[in-house]
Structures are given as C-alpha cells and as structure tokens.
Amino acid sequence: MAYQKLQSSRAAAVTPSDTANIPSVSGPAGETVNNGCVLYVGGLGDVRVLTAGGDDVVFSAVPAGTFVPVNVVRVFSTNTTATNIVALW
C-alpha cells in the first residue's frame, strides 16, 4: 500500500482540464515524475479524475468539504461538477 500522509505542505487551486495534468510541486526541482496529489473538494458535486496509476474514475456526489485521499494527476472538466477544488501535496 502506498504511503499517504495526513498533512500537506503545499496547496494550489485546481482548474479542471481534459488535456492538462495538475503540475507536480512535490518533487525535487527538475524532476518530471508526477506522483499526484490529494484533493480537497469545497463544493458539492462529481469529480472525474485520472489517478497516478492511470485510472479514469468519477467520484459521484462528493460532499462539500471532503478530502479525496487518492493520488490524482488530473481533474477532468468533462463530468466534473464539483467546485472549489484544491490540490494538496
């Protein structure tokens, strides 16, 4: 099982995109590996993501104020209705 820490040292607002991954800020400078981030969902809705493992999945009816403890590399704009999504590393 992958290690998932409970605290974050970095955060950034997420702009959902069907083509662009969330830029990784967690690795050393110049590193191209994207291990993903955990999401905070501020506004109720569905969240379609691409996981670090390559899975395309929709989390349905995510309540406002929820953490999604999955290593995510992209939040798709298609099929995402949740708002105020924040990436945490």
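Engineer: Got a minute to help me understand the overall build of the chain in this structure?
Structural biologist: Helices and strands together make up the secondary structure of the chain, namely zero helices and six strands. The N-to-C order of helical and strand elements in the chain reads β-β-β-β-β-β. Buried residues in the chain amount to 31% of all 89 residues. Put simply, 68% of the contacts in the chain that link residues at least 6 apart link residues at least 24 apart.

Engineer: I would appreciate a short explanation of unusual backbone geometry in the present structure.
Structural biologist: Trans is the prevailing form of peptide bonds, just as negative phi is the prevailing case for residues other than glycine. In this structure, Asn79 takes a positive phi of about 75 degrees despite not being glycine. In this structure, Asn79 sits in the loop between strand S5 (66-75) and strand S6 (83-88).

Engineer: I would appreciate a short explanation of the pairing of strand S3 (residues 45-51) in the present structure.
Structural biologist: A regular strand places its side chains on the two faces of the sheet in alternate fashion. Of all seven residues that make up S3, six are buried, and the element is covered over most of its length. Where S3 meets strand S4 (residues 56-62), five bridges bridge the pair, whose relative direction is antiparallel. Following the sheet pairing, Arg48 is matched in S4 by Val58. Sheet topology note: the S3/S5 ladder contains three bridges and is antiparallel. When the sheet's bridge partners are listed, Thr51 is paired in S5 with Val72.

Engineer: What's the story with the pattern of salt bridges in this structure? I'm lost.
Structural biologist: Where charged atoms from two side chains of opposite charge come close, those side chains can pair. In this structure the tally under the stated criterion is one salt bridge. Of the charged contacts in the structure, one is a salt bridge between Arg48 and Asp56, with a shortest N-O distance of 2.6 Å. On the basis of relative accessibility, which here comes to 16%, the residue Arg48 falls in the buried class.

Engineer: What is the right way to look at the packing of aromatic side chains in this model?
Structural biologist: Given two aromatic rings, their pairing is described by the distance between the two centres and the angle made by the two planes. As enumerated under the stated definition, the model contains one aromatic pair in all. Looking at Arg48, its charged tip hangs above the ring of Phe76, at a distance of 3.9 Å from the centre.

Engineer: Sorry if this is basic, but what is going on with the pairing of S5 here?
Structural biologist: By the bridge criterion, four bridges tie strand S2 (residues 37-43) to S5 in an arrangement that is antiparallel. Across the sheet, the residue bridging to Leu39 is Val68, located in S5.

Engineer: Would you mind going over the environment of Ser60 with me for this structure?
Structural biologist: Inspection of the secondary structure puts Ser60 in strand S4. On the accessibility criterion, Ser60 (54% relative accessible area) is exposed. As for Ser60 and Asp46, which are separated by 14 residues in sequence, their C-alpha atoms are 4.5 Å apart. Once residues within four sequence positions are removed from consideration, Ser60 is found in contact with Gly45 and Asp46.

Criteria and thresholds
- Residues numbered from 1 in each chain as written.
- Predicted model: local features only at pLDDT ≥ 70, side-chain atom pairs only at ≥ 80, totals over all residues.
- Heavy atoms only, no water.
- Helix = DSSP H or I, 4+ residues; strand = E, 2+ residues; numbered from the N terminus.
- Buried < 20%, exposed > 50% of the residue type's maximum accessible area, 1.4 Å probe, protein only.
- Contact = heavy atoms within 4.5 Å.
- Pairing = 2+ DSSP bridges.
- Salt bridge = Lys/Arg side-chain N within 4 Å of Asp/Glu carboxyl O.
- Phe/Tyr/Trp six-rings, centres within 6.5 Å; stacked < 30°, edge-to-face > 60°.
- Lys NZ or Arg CZ within 6 Å of the ring centre and 35° of its normal.

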